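# Coordinates in review
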Amino acid sequence: MQLSLTIILWRILALTCLALGIAGIPLPVLPTVPFLIAAAWAGGKGWPRLEQWLLEHPRHGSAIRRWRDHRAVPRRAKVFAVSMMSLSAVIIVLSSAALWVKIMVPAVMLVVGVWLCRHPES
């Protein structure tokens, strides 16, 4: 059976996101669930079995389904994400980084934090 180039590209994207999600398990700076959500989305386009496996995953499946069905983010995840972005912003501002970095990175994190907090929790 020959796979089309489109399906191969969707599968590569799904595997890349899955790998980043797995790498995010031990690395606190790399988020796990957003990459797994992206992997399930890409899997749905070109690898339905991977998508189904992710949706049924015992630990992360509920978060993926919650996002897919309601665009919801648990309060605990919001608090953690905003706390880490705030801490990162303080570290960047106090660092010897270029002025544009000290302005732009915290500004982007602020926008992401506001976007995240506006999503429902259940």
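Whatever comes next refers back to the structure up there.
What counts, and where the lines are drawn
Residues numbered from 1 in each chain as written. Predicted model: local features only at pLDDT ≥ 70, side-chain atom pairs only at ≥ 80, totals over all residues. Heavy atoms only, no water. Helix = DSSP H or I, 4+ residues; strand = E, 2+ residues; numbered from the N terminus. Buried < 20%, exposed > 50% of the residue type's maximum accessible area, 1.4 Å probe, protein only. Areas by Shrake-Rupley, 256 points an atom, 1.4 Å probe, with all protein chains shown as cover. Lys, Arg positive; Asp, Glu negative; His and termini not counted. Charge placed at Lys NZ, Arg CZ, Asp CG, Glu CD. Core = buried A, V, L, I, M, F, W, Y, C linked by side-chain atoms within 4.5 Å. Contact = heavy atoms within 4.5 Å. Expected span 1.5 Å × (residues − 1). Arc of directions from axis to C-beta. Salt bridge = Lys/Arg side-chain N within 4 Å of Asp/Glu carboxyl O. Axes fitted to C-alpha atoms, helices over the stretch in contact; angles between N-to-C directions. Parallel < 35°, antiparallel > 145°, perpendicular 65-115°, else oblique. Left-handed = near helix turned anticlockwise from the far one by under 90°. Nonpolar A, V, L, I, M, F, W, Y, C, P; charged D, E, K, R; others polar. Patch = residues over 30% accessible without salt bridge, like charges linked within 9 Å, V, L, I, M, F, W, Y side chains within 5 Å.

### What about the overall build of the protein?
- Tallying secondary structure elements over the protein gives six helices and zero strands in all.
- In sequence order, the protein lays out its α and β elements as α-α-α-α-α-α.
- With respect to the principal axes defined by its C-alpha atoms, the protein has extents near 55 × 35 × 25 Å.
- Per-residue burial for the protein yields a buried fraction of 28% across its 122 residues.
- A total of about 8500 Å² of accessible surface is found on the protein, and carbon and sulfur atoms cover 70% of it.
- Positive and negative charge centroids in the protein, built from 13 and 4 side chains respectively, lie 8 Å apart.

### Points about the nonpolar core
- L18, L36, A39, L50, L54 and I64 are the most contacted members of the largest nonpolar core, which has 15 residues in total.
- Those elements that place two or more of their residues in this core are α1 (5-23), α2 (33-46), α3 (48-55) and α4 (61-70).
- If one sorts the elements of this core by residue count, α2 sits on top with five residues.
- Setting aside anything within four residues of it in sequence, one finds L36 in contact with L18, G21, L54, H60 and I64.

### Some points on helix α5 (residues 75-94)
- Given a rise of 1.5 Å per residue, 20 residues ought to cover 28 Å, and the 29 Å separating the end C-alpha atoms of α5 matches this to within 8%.
- Within α5 the residues assigned to the buried category are K78, M85, A89 and I92. For α5, the buried positions fall inside an angular range of 70 degrees around the axis, keeping them on one side. In α5, the exposed positions that point more than 90 degrees away from the buried face belong to R76, F80, I91 and L94.
- On the buried face of α5, the contacting elements are α6 (99-117).

### Concerning the pattern of salt bridges
- Summed over the entire model, instances satisfying the criterion amount to three salt bridges.
- Salt-bridge contacts for R75 lead to E121; the nearest nitrogen and oxygen are separated by 3.0 Å. Of this pair, R75 sits in helix α5 while E121 sits in the segment after α6, and the two are 46 residues apart along the sequence.
- The class for R75 is exposed, based on a relative accessible area of 54%.

### Some words on α3
- For α3, the complete set of buried residues consists of L50, E51, L54 and L55. Mapping the buried residues of α3 onto a view down its axis gives an arc of 135 degrees, with all of them on the same face. What points out from α3, more than 90 degrees from its buried face, is the exposed set P48 and R49.
- In this fold, the buried residues of α3 make contact with α1, α2 and α4.

### A word on the packing of α1 against α2
- The contact between α1 and α2 brings their axes to 8 Å, and the two run at 160 degrees. Viewed along their axes, α1 and α2 adopt a mutual orientation that is roughly antiparallel. Viewed along their axes, α1 and α2 form a crossing whose handedness is left-handed. Where α1 abuts α2, its residues I7, W10, R11, L13, A14, C17, L18, L20 and G21 lie against F35, L36, A38, A39, W41, A42, G43, K45 and G46.
- Residue classes in the contact of α1 with α2 are distributed as 13 nonpolar, three polar and two charged.

### Some thoughts on a nonpolar patch on the surface
- Nonpolar side chains collect at one region of the surface, where L99, W100, I103, M104, V108, V112 and W115 lie side by side and expose about 770 Å² of accessible area between them.
- The class for W100 is exposed, based on a relative accessible area of 60%.

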